[in-house]
Amino acid sequence: MTISHAQRNRSLRIFDSELVQNIRRAVLFNFRRILRPAVVNINEILINVDYENWSLLMVRQVLRGDYEKRESTVLRAILSPHDRVLEIGGGVGLVALTAAKSVPDSQIFVYEANEALIGQMRKNFALNKTCIEINYAAVVPMSSDEITVKFNIAKDFWASSLLPLDRHTEQVNVPATRISDAISRHNPTAIIMDVEGAECEILDGCNLDGVEKLLIEFHQRNTGREHANALIQYLL
C-alpha cells in the first residue's frame, strides 16, 4: 500500500495534536510523580525540583513539562544571537535558560525580587553549565524614588508580586531598581516580563528606545482590562 504525502502529513498532525501532547504530558507526570526525580528535563533544560518548598501545583507543572511553556515557545521563535535580553521576574531560571539557547549567556540579565529563588536559579544555571547575571531586586516604575519596596510572596512563587493580592502569604522588603536604570545599564534589545500585574505601572511612560522585542505576560485579573489595554495601546 502506498501512503500519499497528504496522508503522511495528516498522520503527523494527529500524532502531534494537542490531545496527544496532553496524553504524553499526563503519562510523563504520573511516571515522574512515582519516581520523584530530583531533576527533570524540560525541552532540553535541566531543572531542580523542590518538593519540600514548592506547592503541589508548581510541582505538577514542572513534572508535566508545562512550566513556562508558552513563554519558552515564543522565545525560541523570536530571539536571535545579537539580542541582549533583560528578564524581569526570573523565577527558577527556565525562561532565561531557554533564551540562552539563542543568545550568548553574557547577554542575558535577570532581575528577581524573591530572594528564596535566587539560590534555586543559580543551581539551575550551574546544572545547565550556563553563566547568567542575576540581580536581586524588584524592578519599579521610572518615577519611583524608593530604595526598597514591599514585595508580596505567594505559595506558588510565580504569583508573587509588588501588588498586594489576596493569595499572598508574606510581605518582605527588597531592594528596588527603576526600570529606566535597568534599561540604561543593560541596553536590552529584548525584554521579558512576568510580574503578576505590576507590568502596567512599571512600563507606563517608560522609554523603550533600543528595545525591539517585548514578551510580556499581562494579568488582567489583577490590573483590570482597561488598564492592560491602555498599556498595550501605549506600547503600540
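Residues numbered from 1 in each chain as written. Predicted model: local features only at pLDDT ≥ 70, side-chain atom pairs only at ≥ 80, totals over all residues. Heavy atoms only, no water.

**What to know about the overall build of the chain**
Piece 1. Check the secondary structure of the chain and you find ten helices and ten strands.
Piece 2. With 236 residues in all, the chain has 47% of them scored as buried.
Piece 3. Counting contacts in the chain only where the partners sit at least 6 residues apart, residues at least 24 apart contribute 61% of the total.
Piece 4. In the form shown here, the chain has an accessible surface area of approximately 12,900 Å², with 53% of it arising from carbon and sulfur atoms. (Helix = DSSP H or I, 4+ residues; strand = E, 2+ residues; numbered from the N terminus. Buried < 20%, exposed > 50% of the residue type's maximum accessible area, 1.4 Å probe, protein only. Contact = heavy atoms within 4.5 Å. Areas by Shrake-Rupley, 256 points an atom, 1.4 Å probe, with all protein chains shown as cover.)

**Points about the nonpolar core**
Side chains of nonpolar character tend, in soluble globular proteins, to be buried together.
Piece 1. Counting residues in hydrophobic clusters, the biggest one holds 33 residues, and the most contacted among them are Ile47, Trp54, Val62 and Ile108.
Piece 2. With five residues, helix α5 (residues 94-100) is the largest single contributor of residues to this core. (Core = buried A, V, L, I, M, F, W, Y, C linked by side-chain atoms within 4.5 Å.)

**Thoughts on the sheet that holds strand β9 (residues 190-193)**
Piece 1. Reading across from one edge, β5-β4-β3-β9-β10 is the order of the five strands in this open sheet, with parallel pairing throughout. Edge positions in the open sheet fall to β5 (133-136) and β10 (213-216), since each of these has one partner strand only. Direction aside, neighbouring strands of the sheet carry axes that sit 15 degrees apart on average.
Piece 2. Its contacts with the sheet put helix α6 (residues 115-127) on β4 (108-112) and β5, and the angle it makes with β5 is roughly 175 degrees. (Pairing = 2+ DSSP bridges. Axes fitted to C-alpha atoms, helices over the stretch in contact; angles between N-to-C directions.)

**Description of the packing of aromatic side chains**
Piece 1. Per the stated rule, a full pass over the model turns up two aromatic pairs.
Piece 2. For the ring pair Tyr67 and Phe157, a centre distance of 6.3 Å and an interplane angle of 85 degrees mean the geometry is edge-to-face. Of this pair, Tyr67 sits in the loop between α3 (56-64) and α4 (69-78) while Phe157 sits in the loop between β7 (148-154) and β8 (168-178), and the two are 90 residues apart along the sequence. An identical accessibility class is assigned to Tyr67 and Phe157; each is buried.
Piece 3. Ring pairs connect the aromatic residues Trp54, Tyr67 and Phe157, which therefore count as one cluster. (Phe/Tyr/Trp six-rings, centres within 6.5 Å; stacked < 30°, edge-to-face > 60°.)

**Details of the environment of Pro175**
Piece 1. With respect to the helices and strands, the residue Pro175 is situated in strand β8.
Piece 2. Classification of Pro175 by relative accessible area gives partly exposed; the value is 32%.
Piece 3. Note: C-alpha distance between Pro175 and Ala137 (38 residues apart in sequence) is 4.8 Å.
Piece 4. Residue contacts for Pro175: discarding those within four places in its chain leaves Tyr136, Ala137, Ala138, Ile147 and Thr148.

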